[in-house]
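Given next are the chains, with one letter for each unit.
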Amino acid sequence: MTAVDARPATATGALPETGTVLRFPTGFRWGTATAAYQIEGGATEDGRTPSIWDTFSRTPGKVRNGDTGDIAADHLHRMPDDVRLMKELGVTDYRFSVSWSRVQPTGRGPAVERGLDFYRRLVDELLAAGIRPVATLYHWDLPQELEDAGGWPERDTAHRFAEYAGLVAGALGDRVPTWTTLNEPWCAAFLGYGNGVHAPGRTSDLAALRAAHHLNLAHGAGARVLRDLLPDTAEISLTLNLHALRPLTDTDTDRDAVRRIDAVANRIFLDPVFHGRLPQDLVEDTAEVTDWSFVRDGDLEVASAPIDSLGINYYSPSVVSAGASESPSPWAGAEQHVAFTPAAGPRTAMDWPVDANGLYELLTRLRDELPSVPLLVTENGAAYDDYADPEGEVHDPERVAYLDAHLSAVHRAIADGVDVRGYFLWSLLDNFEWAYGYSKRFGIVHVDFASQRRTAKDSARWYAEVIARGGLER
């Protein structure tokens with residue numbers, strides 16, 4: 001099979017409202033998304049070795065109920081059925097991640113063909129179903145052997161990532177048109193090494209800042225390898241969970257608190273990747289932590305390798321004020337200067353505020369700051385306390401309302417000149433929700449983890465209707 005075209009026609013603006021439908025541009029990519037450790041299972045199959053999440057989930061007290069991703073949604077064995085579910089939904093794109101330790105168990109050396117074979121089969125199933133594969137190379141599951149050697153705070157990990165990127169591109173590059181290097185490097189750096197609520201569970205401001213830099217370096221080095229190996233038509237991307245930030249009050253101190261968080265949450269990635277520089281205020285804010293001497297000559301040039309699109313993951317906004325954060329904090333260099341206030345309004349089962357305006361604010365900010373960069377909303381969704389009723393149905397009206405509001409925000413952004421090419425709903429399946437284990441459900445397909453039975457929720461049927469009509473009913 002051959003790859004489908006990676007780059008749809010430019011989205012120059014939402015089509016005008018027709019009748020009672022808010023229509024999206026022709027060629028808009030309607031997708032859904034998952035991550036390898038959250039759904040695959042098969043933790044010891046095909047030569048796969050432990051990742052940092054296998055180790056972390058086995059550390060007492062780190063994951064709710066002691067849950068692990070050993071089985072998860074058993075996607076490794078049920079993949080053809082899951083692809084059929086996607087085909088029934090009518091999605092045009094599927095964003096999945098590759099398990100590094102399934103493909104390259106030690107993080108070094110040759111690939112394990114049995115591991116690559118699973119992704120070959122997945123890609124073939126997707127193409128046969130008319131679904132565009134979107135491959136993410138890193139969604140937080142670093143091989144444990146690389147963590148034992150120092151992990152992301154060490155620059156060698158960036159070189160190992162570039163090697164791994166080449167292995168996967170060599171196996172799938174003729175059929176996968178869209179490639180994402182990293183998913184949410186902020187979480188990998190600051191939740192993994194800053195406050196330790198994610199794997200590998202380390203708590204060091206210095207380690208977090210070093211990790212962030214080496215993730216930027218890995219992205220750029222990986223992007224260069226992909227550019228060398230992939231067809232000219234391939235789309236190379238990066239996905240960031242940029243923070244939509246608002247000051248609690250319109251005061252200089254609260255606005256400065258927003259600036260500090262913007263530096264360590266957003267510009268620490270945006271500036272190196274798109275401008276080849278570190279934010280000067282970030283360097284000044286973190287002077288008591290590091291002199292940034294781990295940034296070597298040429299690193300920022302590598303990090304700013306050209307890419308074709310930027311993925312944005314968004315769930316909720318943050319309200320920031322002057323104050324102090326709890327320790328340990330993910331906000332390296334800002335802990336003693338900022339506090340967070342819960343935003344008003346309804347909340348999801350994650351206790352995250354529901355506010356679609358934050359997505360609109362992020363998209364229009366990027367329109368103004370990066371006007372030539374096409375955007376994809378690569379994750380957006382909500383967890384609610386879903387359950388199957390006595391008739392076996394799963395009704396989730398709150399999720400439908402959440403998705404409708406956020407897709408409306410995307411439509412409004414396109415109408416206001418933002419080049420948004422697609423929307424990937426998080427998530428296809430209920431899954432292993434990181435430190436929350438199986439206690440939180442983000443899927444539009446309900447998974448009974450005891451039987452692995454899949455049940456389409458009302459939100460799945462709603463999304464299928466949105467895709468079929470090419471827009472939102474009003």
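The name given to the protein in an unreviewed UniProt entry is Beta-glucosidase, with the source organism recorded as Streptomyces anulatus. Quoted verbatim from the Sequence similarities (unreviewed entry) field of the UniProt record, the comment on the protein reads "Belongs to the glycosyl hydrolase 1 family." Its UniProt record, at the heading Catalytic activity (unreviewed entry), says of the protein: "Hydrolysis of terminal, non-reducing beta-D-glucosyl residues with release of beta-D-glucose."

Chemist: I would appreciate a short explanation of the nonpolar core in the present structure.
Modeler: Within soluble globular proteins, side chains that are nonpolar generally end up buried alongside one another. Residues W53, W152, W179, F190, V410 and Y463 are the most contacted members of the largest nonpolar core, which totals 156 residues. Here this core takes eleven residues from helix α9 (residues 205–229), the largest share from any one element. Dropping the residues within four chain positions of it, V410 is found in contact with F24, F28, L359, L363, V377, V420 and Y423.

Chemist: Sorry, what's going on with the side chain of N216 here?
Modeler: Locating N216 in the fold gives a position in helix α9. Residue contacts for N216: discarding those within four places in its chain leaves I268, F269, P272, V273 and A303.

Chemist: What's the story with the sheet that holds strand β7 (residues 245–247) in this structure? I'm lost.
Modeler: For sheets, the rule is that strands pair by backbone hydrogen bonds, running either parallel or antiparallel. Sheet architecture is open: three strands sit in the order β7-β9-β10, paired in mixed fashion. In this open sheet, the two strands that pair with only one neighbour each are β7 and β10 (338–341). This sheet shows a mean twist of 40° between the axes of neighbouring strands, independent of strand direction. Two elements, β7 and strand β9 (residues 318–322), share three bridges in a ladder whose sense is parallel.

Chemist: Can you walk me through helix α5 (residues 113–128) in this structure?
Modeler: Along an α-helix, residues three or four positions apart point the same way, because every turn accommodates 3.6 residues. The terminal C-alpha atoms of α5, which comprises 16 residues, lie 22 Å apart, in line with the 22 Å expected from a rise of 1.5 Å per residue. Looking at α5, one finds that the buried residues are G115, L116, F118, Y119, L122, V123, L126 and L127. All buried residues of α5 fall inside an arc of 165° around its axis, so they share one side. Relative to its buried face, α5 has exposed residues pointing more than 90 degrees away, namely R114 and A128. Along its buried surface, α5 packs onto α1 (36–39), α3 (75–89), β3 (93–97), α4 (100–103), β4 (132–138) and α7 (156–172).

Chemist: Help me understand the sheet that holds β3, please; the structure alone is not making it clear to me.
Modeler: The strand order β2-β3-β4-β5-β6-β8-β11-β12 describes a closed barrel built from eight strands, whose pairing is parallel. Adjacent strand axes in the sheet meet at a mean angle of 25°, parallel and antiparallel pairs treated alike. In this sheet, strand β12 (residues 420–426) lies alongside strand β2 (residues 29–33) in parallel orientation, the contact comprising five bridges. Within β12, the position partnered with G31 by the bridge is F424. The sheet contacts of α5 involve β3 and β4, and relative to β3 the element is tilted by about 170°.

Chemist: I'm lost on unusual backbone geometry in this one. Help?
Modeler: Keep in mind that most residues, glycine aside, have a negative phi and that most peptide bonds are trans. With an omega of -5°, the peptide bond between S327 and P328 qualifies as cis. Take P328: it is sitting in the loop between β9 and β10. The backbone phi angle of W292 is positive, close to 65°, even though this residue is not glycine. Along the chain, W292 falls in the loop between α11 (280–285) and α12 (299–303). You will see that W434, though not glycine, has its phi angle at about 50°, which is positive.

Chemist: Honestly, the packing of helix α14 (residues 397–415) against helix α15 (residues 458–469) in this entry has me stumped. Any pointers?
Modeler: Helix-helix packing: each pair is described by the crossing angle between the helix axes and the interaxial distance. For the pair α14 and α15, interaxial distance at closest approach is 9 Å and the crossing angle is 30°. By the angle class used here, α14 and α15 are roughly parallel. Residues R399, V400, L403, D404 and L407 of α14 form the contact with α15, whose participating residues are D458, S459, W462, Y463 and V466.

Conventions we followed
Residues numbered from 1 in each chain as written. Predicted model: local features only at pLDDT ≥ 70, side-chain atom pairs only at ≥ 80, totals over all residues. Heavy atoms only, no water. UniProt positions renumbered as here; feature names shortened; annotations may be inferred. Core = buried A, V, L, I, M, F, W, Y, C linked by side-chain atoms within 4.5 Å. Buried < 20%, exposed > 50% of the residue type's maximum accessible area, 1.4 Å probe, protein only. Helix = DSSP H or I, 4+ residues; strand = E, 2+ residues; numbered from the N terminus. Contact = heavy atoms within 4.5 Å. Pairing = 2+ DSSP bridges. Axes fitted to C-alpha atoms, helices over the stretch in contact; angles between N-to-C directions. Expected span 1.5 Å × (residues − 1). Arc of directions from axis to C-beta. Parallel < 35°, antiparallel > 145°, perpendicular 65-115°, else oblique.

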